[in-house]
Amino acid sequence: MFLKERIISHRGIYDNKKVFENSLEAIKKAKEKNYIVEIDIHLTKDDQIVVFHDYNTKRITKKDMIIENTNYKDLNNQNIYHIPLLKEVLDLVNEEVPLLIEIKQESKVGKLERKLMDILNNYKGKYAIQSFNPLTIYWFKKNYPNILRGQLSYKFKNKNIPKIEKYILSNMFFNIITKPNFISYKYDELSLSRIKKYNRKNITILGWTINTKKEYNKYIKIYDNLICEKFI
């Protein structure tokens, strides 16, 4: 699996001062180092797929806009930086390095996934998809079973999430149905015994997010690969 072959760059290479996460500049820097580039995608109000992490733009742009409720042209009506379309990222990457595409999906599953595949069906480069939403992973299993799909997870600590739901999501019980090819788990929250269990089932395990070379040297011995930022 190509996800094991080289460092995975988390949202590109950025500092959020001069170069912002998920920007074309950050992705270009990661591409120049020949890294796998992890990006995040959302669907705008006018059905454009954009590359951005948060559901709301305020943290990065200082303007309070919910992506799914905003038209694309309005998202870029600010002076911080250009929020790229997925198509722009694909043109920049130009099939030269693999992509790990995180689908930010809490609405009704299907629309964003279909529009993503309308684009990727014409893209010849290597890519995999991942999501915290097991329904998205199931959608790909059902509709595009040959595409590498990964379940994102961690120890959910949100007080608004019911305890039973946290338990189910943290322990990835939906994997029985969704059959992910890989798992992306918070690097310091998955036990060694569980990692070995998944390895025996031929499931690739990625750890996120590594911030120091010391952490990298320690956890690369445990995980199949690591999603990294800051020190790379």
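Conventions and cut-offs
- Residues numbered from 1 in each chain as written.
- Predicted model: local features only at pLDDT ≥ 70, side-chain atom pairs only at ≥ 80, totals over all residues.
- Heavy atoms only, no water.
- Helix = DSSP H or I, 4+ residues; strand = E, 2+ residues; numbered from the N terminus.
- Buried < 20%, exposed > 50% of the residue type's maximum accessible area, 1.4 Å probe, protein only.
- Contact = heavy atoms within 4.5 Å.
- Lys, Arg positive; Asp, Glu negative; His and termini not counted.
- Charge placed at Lys NZ, Arg CZ, Asp CG, Glu CD.
- Patch = residues over 30% accessible without salt bridge, like charges linked within 9 Å, V, L, I, M, F, W, Y side chains within 5 Å.
- Areas by Shrake-Rupley, 256 points an atom, 1.4 Å probe, with all protein chains shown as cover.
- Salt bridge = Lys/Arg side-chain N within 4 Å of Asp/Glu carboxyl O.

Q: Residue-level account of the overall build of the chain, with values.
A: Each helix and strand counted, the chain has 10 helices and 9 strands in total. When the backbone C-alpha atoms are referred to their principal axes, the chain occupies close to 50 × 40 × 35 Å. Classification of the 232 residues of the chain by burial places 53% in the buried group. Nonlocal contacts in the chain, meaning residues at least 24 apart in sequence, comprise 57% of its contacts between residues at least 6 apart. In the chain, the 43 positive side-chain charges and the 27 negative ones have mean positions that sit 7 Å from each other.

Q: Quick rundown of unusual backbone geometry? Include the residues and the values.
A: Backbone torsion omega between Trp208 and Thr209 reads -20 degrees, so that peptide bond is classified as cis. Position of Thr209 among the secondary structure elements: in strand β8 (residues 204-210). Not every positive phi belongs to a glycine, and Asp47 is a case in point at roughly 65 degrees. Summarising the element assignment, Asp47 is placed in the loop between β2 (36-43) and β3 (49-51). By relative accessible area, which is 27% here, Asp47 ends up partly exposed. The phi torsion at Met172 lies on the positive side, around 55 degrees, for a residue other than glycine. The topology assignment puts Met172 in the loop between α7 (163-170) and α8 (175-178). For Met172, a relative accessible area of 5% puts it in the buried group.

Q: Please provide a residue-by-residue account of a nonpolar patch on the surface, values included.
A: A surface patch of nonpolar side chains, amounting to about 400 Å² of accessible area, comprises Tyr138, Phe174, Ile176 and Ile177. With respect to the element layout, Phe174 can be found in the loop between α7 and α8.

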